[in-house]
Amino acid sequence: MELLTRLHPVREALRARRRALHRLRVLSPAPREADALVALAEAAAVPVQPCAGADLGRGLPPGVKPQGFVLEAGELPVLDLASLLALGTAGHRCVVALDGVEDPQNLGAIARVAHAAGATGLVLTDRRSAPLSPAVSRASAGAIEHLPVARVANLARALERMKAAGSWVLAAEPSAERDLFALEDRFWQGDLVLVLGAEGAGIRPGLAHHLDTPISIPMAGAVASLNVSAAAAVILYEWVRRGRGRPA
């Protein structure tokens, strides 16, 4: 059982219906946003339970406040790689592959921007990756409830499989010689895999020869790099700007 809190994660879980949905607890007297959530719950045949303040937050981890709503739900579904690669429109797919991103806040922020930019989904590793926890749903403002996710045992093999299927494989690396904004058009033609590494560490050296090219984001200030979720946003919206993220 997972307990989702706050308006956006609860609303998006009820809208997406990708999880098992067991019960919606609502603070009594109800907040003003409750009517819309109760309507979504009823449409999904999810029982609604009015709760006093003490009962509303029952079972939540220390420091997590319900803010008026708690949704009792199952885990998010996880796909295999083949199922993820079958989604979307050929030639316009973009998969974001994460190498060692273990912070749920970063994972959630990346999921939010990936979903907003129209990415096909995320590829996470079985190890050295944050679980798809309620914290990730909160950090993504509920976007992870809609974004398909696959897990793989070996990211290097997964990248080779995606390359063999016709995807370009790019990775964000602050020291890369190729400038994102000067990248040749050929790299934006067809499906794309964007590899992002852990904060501070980047991608593992062993993945380098599985890439088509590393790319860097030009930095005018004194800092050497962006937060991984900010880097994801810059690169994904360059993909959109080049027109490859919008199917004809």
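Note that the structure is predicted; figures quoted are calculated from it, not measured. (Residues numbered from 1 in each chain as written. Predicted model: local features only at pLDDT ≥ 70, side-chain atom pairs only at ≥ 80, totals over all residues. Heavy atoms only, no water.)

**Points about the overall build of the protein chain**
Of the regular secondary structure elements, the protein chain holds eight helices and 10 strands. Taken over the C-alpha trace, the protein chain has a radius of gyration of 19 Å; the compact-globule value for 248 residues is 18 Å, and the two agree within 12%. Taken along its principal axes, the extent of the C-alpha atoms in the protein chain is 60 × 40 × 30 Å. Counting only residues that meet the buried cut, the protein chain has 48% of its 248 residues in that class. Within the protein chain, counting contacts between residues at least 6 apart in sequence, those at least 24 apart form 80% of the total. A gap of 3 Å separates the mean positions of the 27 positive and 24 negative side-chain charges of the protein chain. (Helix = DSSP H or I, 4+ residues; strand = E, 2+ residues; numbered from the N terminus. Rg over C-alpha atoms; globule rule 2.2 N^0.38 Å. Buried < 20%, exposed > 50% of the residue type's maximum accessible area, 1.4 Å probe, protein only. Contact = heavy atoms within 4.5 Å. Lys, Arg positive; Asp, Glu negative; His and termini not counted. Charge placed at Lys NZ, Arg CZ, Asp CG, Glu CD.)

**Examining the nonpolar core**
If you look at the biggest cluster of nonpolar residues, it comprises 38 residues, and the most contacted ones within it are Val96, Leu122 and Leu236. Taken together, the elements giving at least two residues each to this core come down to strand S5 (94-99), helix H5 (104-117), strand S6 (121-125), strand S8 (168-172), strand S9 (192-197) and helix H8 (228-241). In terms of residue count, H8 provides more of this core than any other element does, seven residues in total. Residues within four places of Leu236 in sequence aside, it is in contact with Cys94, Val96, Val113, Ala114, Ala117 and Leu194. Counting residues in each nonpolar core, the second largest holds 19 residues, with Leu84, Val95, Leu155 and Leu207 among its members. (Core = buried A, V, L, I, M, F, W, Y, C linked by side-chain atoms within 4.5 Å.)

**Observations regarding the side chain of Ser129**
Secondary-structure assignment places Ser129 in the loop between S6 and helix H6 (134-139). Here Ser129 is in contact with Val101, Glu102, Leu124 and Arg151, once residues within four sequence places are set aside.

**Description of the layout of surface pockets**
In this approach the atoms are scanned with a rolling probe the size of a water molecule, which exposes any empty space left behind. What the largest pocket holds in volume is close to 320 Å³. In terms of lining, the largest pocket is formed by 19 residues, of which the most central are Ala172, Pro174, Ser225, Leu226 and Ala231. At the level of secondary structure, the elements contributing two or more residues to the lining of the largest pocket comprise S9 and H8. Along the lines of polarity and charge, the residues of the lining of the largest pocket split into 12 nonpolar, five polar and two charged. One number sums up the size of the second largest pocket: a volume of about 150 Å³. (1 Å grid on protein atoms, 1.4 Å probe; cavity = no way out; pocket = protein on both sides within 12 Å on 5 of 7 lines; lining within 4 Å. Points joined across faces, edges and corners; volume = space filled by probe spheres on them. Nonpolar A, V, L, I, M, F, W, Y, C, P; charged D, E, K, R; others polar.)

**Remarks on the pairing of S9**
Judged by how many residues are buried, S9 sits mostly within the fold: six of six residues are covered. Sheet analysis places S5 next to S9, joined by six bridges and oriented parallel. If you follow Cys94 over to S9, its bridge partner there is Leu192. Inspection of the sheet shows S8 paired to S9 by four bridges, in the parallel sense. Bridge pairing links Val169 to Val193 in S9. (Pairing = 2+ DSSP bridges.)

**Focus: the sheet that holds S6**
Pairing between sheet strands relies on hydrogen bonds along the backbone, with the strands arranged either parallel or antiparallel. The sheet built from six strands is open, its strands ordered S7-S6-S5-S9-S8-S10 with parallel pairing. Across the chains shown, the open sheet's two edge strands, defined by having one partner strand only, are strand S7 (149-152) and strand S10 (213-215). Ignoring strand direction, the axes of neighbouring strands in this sheet form an average angle of 25 degrees. Together, S5, S8, S9 and S10 form the strand contacts of H8, whose direction differs from that of S9 by roughly 165 degrees. (Axes fitted to C-alpha atoms, helices over the stretch in contact; angles between N-to-C directions.)

None of this, on its own, says anything about what the molecule does.
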